[in-house]
Every structure is written in C-alpha cells, then in structure tokens.
Amino acid sequence: MRSVFVILMLAKSLVAVGQKTANVNLSLTMPSVALIDILPSATSTVALKMTAPTEAGSAAGVGTSNSENWLILTSAVTASGSRSVKGDVVGTLPPGIRLRLDVSPYTGSGQGFTAGTGYVTSNVYLTNTANSFIENIKGAYTGTGYGTNGFKLKYSIEIANYGNIRSGTASLTVRYTLADN
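Since the model is a prediction, treat every value here as computed from it, not as a measurement.

K.L.:
Can you walk me through the overall build of the chain in this structure?
P.N.:
Helices and strands together make up the secondary structure of the chain, namely 1 helix and 12 strands. Ordering the α and β elements of the chain from the N terminus gives α-β-β-β-β-β-β-β-β-β-β-β-β. Taking 2.2 N^0.38 as the reference for a compact globule, 181 residues should give roughly 16 Å; the C-alpha atoms of the chain span a radius of gyration of 29 Å, well beyond that estimate. Across the 181 residues of the chain, 27% fall into the buried class. Put simply, of all contacts in the chain between residues at least 6 apart along the chain, 80% involve residues at least 24 apart.

So this is what it looks like as structure tokens:
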C-alpha cells in the first residue's frame with residue numbers, strides 16, 4: 001500500500017511540473033473594404049431604344065430592356081456600420097423618358113446575404129439624384145462568376161410624358177456607389 005502511495009505522489013508531482021503556460025499578445029486588424037463592380041456579358045455599353053408604332057394613332061414607342069449586367073461587391077464595415085448601393089445617372093435623360101432599373105435578389109456562392117442583410121429594397125427610376133436599392137450590407141461578398149453571382153440588373157426605358165418626348169439619341173452613364181449609411 002505504501003508503494004502505491006509513493007507512486008501516486010510521484011505521478012502527481014510530475015504532472016504539476018509538466019504544466020507551464022506561456023502567453024502571446026496578438027493584434028488583429030480587419031481593414032474597411034468597399035468594392036463594387038458591374039459584370040457585363042460582352043460589352044459595358046447597354047443600348048436601349050424605343051420602337052416606333054406601325055399604325056397611326058398607336059402609342060409612340062415601347063421601350064426595349066437589357067438584363068445582361070450583374071452587380072458584384074465586397075464589403076467589410078465597422079461593428080455598428082452598414083452600407084447601401086445607390087445608383088444615379090451622369091448626363092441628361094431625353095425629355096419625357098425615364099430609365100428604370102430592376103434589381104433581382106442576390107444569387108450566388110458568396111456570403112453575408114442572409115438573415116436580413118444585403119437585400120434589395122426596391123426597383124428604381126434612375127435620375128441625376130442617387131437612389132438606394134440594396135440596403136443593410138455588412139460583411140459580405142457576392143462571388144465573381146458572371147451570370148451566377150451577384151444582383152442581376154435589368155435596364156428599361158419608358159415614356160414618362162408624351163408631351164415632352166422628342167426623337168434623337170442620348171448617351172449617359174449609370175453610376176453605382178457602395179456608400180456607408
């Protein structure tokens with residue numbers, strides 16, 4: 001019995017001697033990230049036009065649409081921060097015409113677009129004043145594959161005021177901004 005007690009005491013003292021701790025102080029940094037891009041199918045130019053009626057007395061023009069662009073982004077914000085995506089027109093829309101942007105819900109292999117974060121709030125008419133259409137973006141990324149990741153964008157033109165429409169061509173730019181809220 002005495003030899004068992006000595007063995008237990010020896011084992012206990014060896015365990016106590018084998019337990020040491022060491023500390024390392026770490027500094028972790030995650031930078032703020034706000035990157036946004038548009039992926040086109042073949043070209044970054046979108047051509048929209050009104051089609052002329054074939055019969056007198058019919059409405060002047062039905063607008064074409066284009067659904068070949070995808071909006072992709074990467075975001076890392078402060079602990080209490082969030083971002084939104086806004087769009088506006090640089091240039092002058094033709095009189096009587098409005099430019100509609102329909103945004104599909106997020107699809108893809110990225111992360112950060114669940115549980116109420118990074119959601120489409122509404123489709124918008126783009127003007128010279130920036131309008132938000134994706135809200136509550138926190139830490140997220142869409143993925144980069146064209147046609148499979150991001151938010152699909154559909155542009156279309158409509159006649160807003162028949163009294164103001166004039167024939168002709170206009171070139172303008174749609175600007176997208178990933179903005180802090």
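Following the structure, the description resumes.
K.L.:
Even after reading the chapter, I still don't get unusual backbone geometry, so can you show me in this structure?
P.N.:
Trans is the common state for peptide bonds, and a negative phi is the common state for residues other than glycine. Phi is positive for Asn136, close to 60°, though the residue is something other than glycine. Mapped onto the secondary structure, Asn136 falls in strand E9 (residues 131-137). Classification of Asn136 by relative accessible area gives partly exposed; the value is 21%.

K.L.:
I'm lost on the sheet that holds strand E7 (residues 119-120) in this one. Help?
P.N.:
Picture the strands of a sheet paired through backbone hydrogen bonds; they go either parallel or antiparallel. The strand order across the open sheet built from 4 strands is E7-E9-E5-E12, with neighbouring strands paired in antiparallel fashion. The open sheet has two edge strands with one neighbour each: E7 and strand E12 (173-180). Pairing analysis gives 2 bridges linking E7 to E9, with the strands arranged antiparallel. Counted as the bridge partner of Tyr119 is Glu135 from E9.

K.L.:
Please explain the confidence of the model for the chain as it appears in this structure.
P.N.:
Caution applies to low-pLDDT regions: their predicted coordinates should not be interpreted in detail. Looking at the chain, the pLDDT average stands at 88 and 91% of residues meet or exceed 70. The weakest mean pLDDT in the chain belongs to helix H1 (residues 2-18) at 54; the strongest belongs to strand E5 (residues 83-90) at 97.

K.L.:
What is the right way to look at the environment of Ser32 in this model?
P.N.:
Here Ser32 lies in the loop between H1 and strand E1 (33-39). Using a relative accessible area of 59% as the deciding quantity, one classes Ser32 as exposed. Distance in space between the C-alpha atoms of Ser32 and Tyr125 is 30 Å, their sequence separation being 93 residues. For Ser32, the side chain forms a polar contact with the side chain of Arg83, separated by 3.0 Å.

K.L.:
For this particular structure, what's the right way to read the pairing of strand E11 (residues 151-159)?
P.N.:
A regular strand places its side chains so that they alternate between the two faces of the sheet. For strand E4 (residues 65-76) and E11, the ladder comprises 5 bridges, and the chain directions are antiparallel. Bridge pairing links Trp70 to Lys152 in E11. For strand E6 (residues 97-103) and E11, the ladder comprises 7 bridges, and the chain directions are antiparallel. Its bridge partner being in E11, Leu101 is matched across the sheet by Tyr155.

K.L.:
What is the right way to look at a nonpolar patch on the surface in this model?
P.N.:
Residues Val24, Leu26 and Leu28 make up a contiguous nonpolar surface patch of about 420 Å² in total accessible area. When you line up the elements, Leu28 lands in the loop between H1 and E1. Of the residues examined, Leu28 reaches a relative accessible area of 78% and is grouped as exposed.

K.L.:
What am I meant to see in the environment of Thr144 here?
P.N.:
Looking at the secondary structure, you find Thr144 in the loop between strand E10 (140-141) and E11. Considering only alpha carbons, one finds Thr144 and Ser84, 60 residues apart in sequence, at a separation of 19 Å.

K.L.:
Quick question: what am I supposed to make of the pattern of salt bridges here?
P.N.:
Pairing is possible between side chains of opposite charge, provided their charged atoms come close. If you walk through the whole model with that rule in mind, you get 4 salt bridges. The closest approach of N and O atoms between Arg175 and Asp88, which form a salt bridge, is 2.6 Å. Here Arg175 is found in strand E12, whereas its partner Asp88 is found in strand E5, with 87 residues between them in sequence. Taking the shortest distance from any N to any O, the salt bridge between Glu158 and Arg98 comes out at 3.0 Å. Of the two residues, Glu158 is situated in strand E11 and Arg98 in strand E6; the sequence distance between them amounts to 60 residues.

What counts, and where the lines are drawn
Residues numbered from 1 in each chain as written. Predicted model: local features only at pLDDT ≥ 70, side-chain atom pairs only at ≥ 80, totals over all residues. Heavy atoms only, no water. Helix = DSSP H or I, 4+ residues; strand = E, 2+ residues; numbered from the N terminus. Rg over C-alpha atoms; globule rule 2.2 N^0.38 Å. Buried < 20%, exposed > 50% of the residue type's maximum accessible area, 1.4 Å probe, protein only. Contact = heavy atoms within 4.5 Å. Pairing = 2+ DSSP bridges. pLDDT = per-residue confidence, 0-100. Polar contact = N/O pair within 3.5 Å; in protein donor to acceptor, adjacent residues only side chain to side chain. Patch = residues over 30% accessible without salt bridge, like charges linked within 9 Å, V, L, I, M, F, W, Y side chains within 5 Å. Areas by Shrake-Rupley, 256 points an atom, 1.4 Å probe, with all protein chains shown as cover. Salt bridge = Lys/Arg side-chain N within 4 Å of Asp/Glu carboxyl O.

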